[in-house]
Amino acid sequence: MSVTTARIDAVQTVAVSLAAHPELVVHGAKGAHDRSDFLLVRVVTDTGVVGYGEVSATPLWSGEDGASAEHFIRTVLAGALIGQPLTPVGRLESSMDRVLAGNPFTKAGVSIALWDAYARALDVPLAVALGGPYRTSVPIKLSLSGDGAGLERAYRAARAAGFSAFKVKVGLGVAGDIDRVAAARALVGEDTLLGVDANGGWTRTQAAAAAVAMSRSGIAFLEQPVAPGDLRGLGDLRGAGVPVVADESVFGTDDLVSVVRADAADVVSVYVGKSGGPGRAVQMGRLAGAFGVDTLIGSNGELGIGAAAQLHVACALPALSAIPSDIIGAFYYTEDILAEPLDSDGRTVRLGDAPGLGVQPRPEITEGFR
């Protein structure tokens, strides 16, 4: 049987929970991310091809989590998919939209598994199935947070992991934010790329003051300085001379169109989860590029399968921002869910030539799917 005749035989899930490295826990305007309670997805076809996905959802970010994802996959999405042809994957994504509103991270987890199965059936890497690759390695960065000794511990741990580009979590009070960024600059040195991410935690007035003060620390970008819906405020900050990155302002294509029309950002942070899957993430990146807006790949603390999906999307985009992406994968956690980790040294993550995502969960995790 060919890929065009393969049908979906089962949609299975297993819950996973991993703790972050204590030194690298992110503390930002949306709280701390010290543990990820995610859900892995497995799609099985009647030809025996298997695809894996990951629901990288956290309630503070998306209003979704592993429990809600498992409920909707089992009670709603599986019924719309089982028995359907594997191709085209886009039609399956539309089928999920027809039976479940919202929940992009949940749908993305299933979509990743569908795309993985499709690319494995073709015997090509997912980046090829998505129209690439345009590159085989992607520069990456890591978030730093905390103050004083905590900030220094985070930096030392990041450097030990090989990272050489960073962003500082701010949005916690302008005075403290300014001091934190100055301290981070002193730690990383003058020639290291250093940006800031406020997660929408500043008002317009605070953001304007912070942009001026932090420019003295040589910041490379301002990520989501104001509230997600304040596109006017976001656009006004572009006059500060530092590239503005829209993150929380851009989930799906409609949001991206609004940001483009408002001329609100220099760069958009595209997530596989926010977009609803790898194919849609690539579509968004291409649309942004058509209007002269750069794209980087953002992170919700993905585990290994989610990080692999990020990598393939990044390699399938015709253009990628000079600002490094956030494909941090196993570096952030005390253990890895993959049998073999992604090929990364902390500076870049590199694409392999294995079919699909090119990764497999550890055997004890695979045995948990039901």
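About the criteria used
Residues numbered from 1 in each chain as written. Predicted model: local features only at pLDDT ≥ 70, side-chain atom pairs only at ≥ 80, totals over all residues. Heavy atoms only, no water. Helix = DSSP H or I, 4+ residues; strand = E, 2+ residues; numbered from the N terminus. Rg over C-alpha atoms; globule rule 2.2 N^0.38 Å. Buried < 20%, exposed > 50% of the residue type's maximum accessible area, 1.4 Å probe, protein only. Contact = heavy atoms within 4.5 Å. Areas by Shrake-Rupley, 256 points an atom, 1.4 Å probe, with all protein chains shown as cover. 1 Å grid on protein atoms, 1.4 Å probe; cavity = no way out; pocket = protein on both sides within 12 Å on 5 of 7 lines; lining within 4 Å. Points joined across faces, edges and corners; volume = space filled by probe spheres on them. Nonpolar A, V, L, I, M, F, W, Y, C, P; charged D, E, K, R; others polar. Pairing = 2+ DSSP bridges. Axes fitted to C-alpha atoms, helices over the stretch in contact; angles between N-to-C directions. Parallel < 35°, antiparallel > 145°, perpendicular 65-115°, else oblique. Left-handed = near helix turned anticlockwise from the far one by under 90°. Salt bridge = Lys/Arg side-chain N within 4 Å of Asp/Glu carboxyl O. Right-handed = clockwise from strand over helix to strand, strands pointing away.

**Quick notes on the overall build of the chain**
- When helices and strands are counted, the chain shows 14 helices and 15 strands.
- Relative to the compact-globule value of 21 Å for 370 residues, the chain shows a C-alpha radius of gyration of 20 Å, a close match.
- Principal-axis analysis of the C-alpha atoms places the extent of the chain at approximately 60 × 40 × 35 Å.
- Counting the 370 residues in the chain, one finds 56% classified as buried.
- For the chain, contacts bridging at least 24 residues in sequence account for 72% of all contacts bridging at least 6.
- By element, 51% of the accessible surface of the chain is carried by carbon and sulfur atoms, the whole surface being about 13,700 Å².

**What about empty space enclosed by the protein?**
- In this structure the tally under the stated criterion is one cavity of 30 Å³ or more.
- Considered as a void within the structure, the largest cavity measures approximately 70 Å³ in volume.
- The residue inventory of the lining of the largest cavity, partitioned by class, reads five nonpolar, four polar and two charged.

**A word on the sheet that holds strand β12 (residues 267–270)**
- Overall, parallel pairing links the seven strands, which are arranged β7-β8-β9-β10-β11-β12-β13 in an open sheet. Taken across any chain shown, the strands that pair with only one partner, and hence form the sheet edges, are β7 (142–144) and β13 (294–297).
- Here β7 runs beside strand β8 (residues 165–169); their pairing, made up of three bridges, is parallel. When the bridges of β8 are listed, Leu144 appears paired with Val168.
- Strands β7 and β8 of the sheet are contacted by helix α6 (residues 148–160), whose axis makes an angle of about 160° with β7.

**Description of the packing of helix α7 (residues 174–188) against helix α8 (residues 204–215)**
- With their axes 10 Å apart at the nearest point, α7 and α8 run at an angle of 25° to one another. Between α7 and α8, the angle falls in the class roughly parallel. Judged by the sense of rotation from one axis to the other, the crossing of α7 with α8 is right-handed. On α8, the residues touching Val174, Asp177, Ile178 and Val181 of α7 are Gln206, Ala210, Ala213 and Met214.

**Concerning the pattern of salt bridges**
- Following the criterion strictly, the structure yields 23 salt bridges and no others.
- Between Lys167 and Asp326 there is a salt bridge whose closest N-O contact spans 3.2 Å. Linking Lys167 in strand β8 with Asp326 in the loop between α13 (304–316) and β14 (343–344), this pair joins segments that are 159 residues apart in sequence.
- The exposure class of Lys167 is buried, given its relative accessible area of 4%.
- The partner of Asp266 in a salt bridge is Arg238, and the shortest N-O contact between them spans 2.7 Å. A residue pair is termed long-range when its members are at least 10 positions apart, and Asp266 in the loop between α10 (253–261) and β12 and Arg238 in the loop between α9 (231–236) and β11 (244–246) qualify at 28 residues.

**What about the pairing of β12?**
- Because side chains alternate across β12, one face comprises the buried residues Val267 and Ser269, and the other comprises Val268 and Val270, equally buried.
- In the classification by handedness, the crossover that spans β11, the intervening α10 and the parallel β12 is right-handed.
- In the sheet, β12 pairs with β13 via four bridges, with the strands oriented parallel. By the bridge assignment, Val267 is partnered in β13 with Asp294.

**A look at the sheet that holds strand β4 (residues 35–45)**
- Read from one edge to the other, the open sheet built from three strands follows the order β1-β4-β5, with strand pairing classed as antiparallel. Unpaired on one side and paired on the other, β1 (8–19) and β5 (50–55) mark the two borders of the sheet. For this sheet, the mean inter-axis angle between neighbouring strands, taken without regard to orientation, is 20°.
- In this sheet, β4 lies alongside β1 in antiparallel orientation, the contact comprising eleven bridges. In the sheet register, Val11 faces β4, and the bridge partner there is Val43.
- Seen against the sheet, helix α4 (residues 104–122) touches β1, β4 and β5 and runs at an angle of roughly 155° to β5.

Note that every value here comes from positions in space, so none of it alone points to a role or purpose.
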